[in-house]
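Structure assessment
Below, each chain spelled out in residue letters.
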Amino acid sequence: MNLLFLNQYGPGDPSPTARLLRDLETDLTAQGHHVVVASASTDYRQRPARGWRRWGREFLGLLRILRRATFASPRPDVVISFSSPPGLVVLGALVAAWHGTRSIHWALDLYPDLALTLGELSPGPLAQGVAHAMRWAYRRTDRVITLDTDMQARLRQKGVESEIIAPWTPIAEPVTVDTTPAATPFWLYSGNLGRAHEWATLLEIQQRVEAQHPTLELVIQGGGAAWREAQAWAARHGLQRCRWRDYSREETLLADLLKARVLVATQRPETRGLLWPSKLALLLQLPRPILWIGPTDSAAARVVAATADSAVFPPGSAEAASAWLLNAVAAEPRHHPENGQLFFQPDQAVPLAAWRKLVTSLEKCECNK
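The paragraphs below set out a description of the structure included in this document. (Residues numbered from 1 in each chain as written. Predicted model: local features only at pLDDT ≥ 70, side-chain atom pairs only at ≥ 80, totals over all residues. Heavy atoms only, no water.)

Quick notes on the environment of Ala69
Within the fold, Ala69 resides in helix H2 (residues 51–70). In this structure, the C-alpha to C-alpha distance between Ala69 and Gln207, residues 138 residues apart in sequence, is 50 Å. (Helix = DSSP H or I, 4+ residues; strand = E, 2+ residues; numbered from the N terminus.)

Quick look at the structure:
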């Protein structure tokens, strides 16, 4: 089959969705399918924009994708749209109609609900118009894929049925990595620190830790829209052992994560079911405790709570979370082999098999027409 993927970021970009797209393209091509990607050619790590600047950038991205998708060759048998830029499902439905073909939407984020929740879009005629367009697009999409039961439930409230295919780790190949923690202990938040992520509680925890532990550091690695705001808070409150690092390179990401004693994932509770914290896919596979700060009754929190030595706390629970953190740091790292090496096997097999099955099912539909 000829498959046309639509996404803001193309293969080769460091964004989580581009890495997923890279793996899908590789796997489906190996199955004999022909894959074309129409992207906006933007950089995931470019300086964050807000207000009209951001929406202008997103609109230009949609126009670039539309131009490349309209003239895609060969004619696609299936159009598969991701979620970014916002409204891409609408574009996917239009492109599928233009080519007279089927469409799949992978709902990695739910718009316009997420934008409204984060205050990036105000209630009013524009939001209502976007919501109406999204409902139209969902009705004209053959299959909708979500990431967990929370997202599935949100869409069901809108009358949209969906299947679940969870994302996988960004590491493409098996690798052996050193698991020896750093000599100076630290706990680590790694990845995009966007507006959907909780950061104030992390800094409040570190503030308490600095009064009780002589060396424990908090490392915040990455970037994002809330990066400078969080740095300003740390400086204003006099944090002494909070380090800020740039994004980790893919080839060193595993080693960087395993130097930490505790790994962190966060989500603002009001965004439950509107997105899934992509960093969890990798953290759940590593022999380190995970500290989750976010909605404690979410699907993501339940997965973390079931992981050995890990814990979930709601935002604002710095006292309880700091006590847990100090105990976790003091414990011997689990699954620490004698030679200090870990063979890491990416968990791509199951979700990629689900995608192959999905594409095959549409291929059979085409044959039976």
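Some points on the pattern of salt bridges
With the rule as written, the count across this model stands at 15 salt bridges. A salt bridge links Glu161 to Arg156; the shortest N-O distance between them is 3.3 Å. A relative accessible area of 52% places Glu161 in the exposed class. Residue classification places Arg156 among the partly exposed positions, given a relative accessible area of 41%. A single salt-bridge network, built from bridges that share partners, covers Arg22, Asp23 and Glu250. (Salt bridge = Lys/Arg side-chain N within 4 Å of Asp/Glu carboxyl O. Buried < 20%, exposed > 50% of the residue type's maximum accessible area, 1.4 Å probe, protein only.)

Details of unusual backbone geometry
Trans peptide bonds make up the majority, and among non-glycine residues the majority have a negative phi. Between Ser73 and Pro74 the backbone carries a cis peptide bond, its omega angle lying at 0°. One can find Pro74 in the loop between H2 and strand E3 (78–81). Put simply, Tyr111 and Pro112 share a cis peptide bond, and its omega is 5°. Its location among the elements puts Pro112 in the loop between strand E4 (102–106) and helix H4 (113–117). At Asp309, a residue that is not glycine, the phi angle is positive and equals roughly 70°. Here Asp309 is to be found in the loop between helix H11 (299–305) and strand E13 (311–313). According to the relative accessible area criterion, Asp309 is partly exposed, its value standing at 49%.

Quick look at the sheet that holds strand E10 (residues 242–245)
If you trace the six strands from one edge of the open sheet to the other, you get E10-E9-E8-E11-E12-E13, paired in parallel fashion. Where the open sheet ends on each side, the last strands, each with one partner, are E10 and E13. Averaged over all adjacent pairs, the angle separating strand axes in this sheet is 25°, with direction ignored. Looking at chain direction, strand E12 (residues 290–293) and E13 are connected through three bridges and run parallel. (Pairing = 2+ DSSP bridges. Axes fitted to C-alpha atoms, helices over the stretch in contact; angles between N-to-C directions.)

Structural notes on helix H12 (residues 318–330)
The terminal C-alpha atoms of H12 lie 18 Å apart, and with 13 residues this matches the ideal 18 Å at 1.5 Å per residue to within 8%. Taken together, the buried positions of H12 are Ala318, Ala321, Ser322, Trp324, Leu325, Leu326, Ala328 and Val329. In this structure, the buried residues of H12 make contact with strand E8 (186–192), helix H7 (200–209), strand E11 (262–266), E12 and E13. (Expected span 1.5 Å × (residues − 1). Contact = heavy atoms within 4.5 Å.)

Brief notes about the packing of aromatic side chains
Throughout the structure, instances matching the rule amount to six aromatic pairs. Judged by centre distance (5.3 Å) and plane angle (85°), the rings of Phe82 and Trp106 are edge-to-face. Separated by 24 residues along the polypeptide, Phe82 in the loop between E3 and helix H3 (88–99) and Trp106 in strand E4 bring together distant segments of the chain. Taking relative accessible area as the criterion, Phe82 reaches 0% and is therefore assigned buried. (Phe/Tyr/Trp six-rings, centres within 6.5 Å; stacked < 30°, edge-to-face > 60°.)

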